[in-house]
Amino acid sequence: MPRAKQVCSTAGCVRPVKARGKCPNHDPGPWATSNRRSRLPSNWSSLRLTILRRDRFTCYVCGGEASEVDHVQRGDDHSPANLRAICPECHQRKTLAERQYGQ
């Protein structure tokens, strides 16, 4: 017998979800309450592209294709020495691990 499809847990919403929880329209995401974006330097877009090019769009963790930039040491050190290209999957794993261990 097929399983019933999961729907968003927001009252009145019937959008499908892959697992329990809220659909993308109702889930604010992990950065909703973060001020991280406001703490990035004004030249972040160009700095990000510089790092991706320097690292040849290669993830420093798995060697896959990188499209994001990671702060190796947490905090607001935006120097090139503290930035590395990373793929979205490795970046998410690293962020979740840091959050779990309170780093």
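What comes next is a walk through the structure. Keep in mind the model is a prediction, meaning the values are calculated, not measured.

Turning our attention to helix α2 (residues 88-100). If you check α2, its first and last C-alpha atoms are 18 Å apart, about what 13 residues at 1.5 Å a residue would give, namely 18 Å. What α2 keeps buried is the set C90, H91, K94, T95 and E98. Down the axis, α2 shows its buried residues gathered within 130° of arc, on one side only. Away from its buried face by more than 90 degrees, α2 exposes Q92, R93 and Q100.

With that settled, consider unusual backbone geometry. In this structure, R56 is a non-glycine residue whose phi angle is positive, near 55°. Relative to the helices and strands, R56 is located in the loop between α1 (44-54) and β1 (68-71). Its relative accessible area of 71% is what places R56 among the exposed residues.

In terms of nonpolar packing, the biggest core is built from 13 residues, with W44, C59, V69 and L83 touching the most fellow members. Mapped by element, the contributors of at least two residues to this core are α1 and β2 (83-86). The biggest single contributor to this core is α1, with four residues. Those residues in contact with C59, other than ones at most four positions away along the chain, are G64, A66, A85, I86, C87 and C90.

For α1, the set of buried residues is W44, L47, I51 and L52. End-on view of α1: buried residues confined to an arc of 135°, all on one side of the axis. Of the exposed residues in α1, the ones pointing more than 90 degrees away from its buried face are S45 and R53. In the core, the buried residues of α1 are packed alongside β1 and β2.

The rules behind each value
Residues numbered from 1 in each chain as written. Predicted model: local features only at pLDDT ≥ 70, side-chain atom pairs only at ≥ 80, totals over all residues. Heavy atoms only, no water. Helix = DSSP H or I, 4+ residues; strand = E, 2+ residues; numbered from the N terminus. Expected span 1.5 Å × (residues − 1). Buried < 20%, exposed > 50% of the residue type's maximum accessible area, 1.4 Å probe, protein only. Arc of directions from axis to C-beta. Core = buried A, V, L, I, M, F, W, Y, C linked by side-chain atoms within 4.5 Å. Contact = heavy atoms within 4.5 Å.

Geometry only, nothing functional implied.
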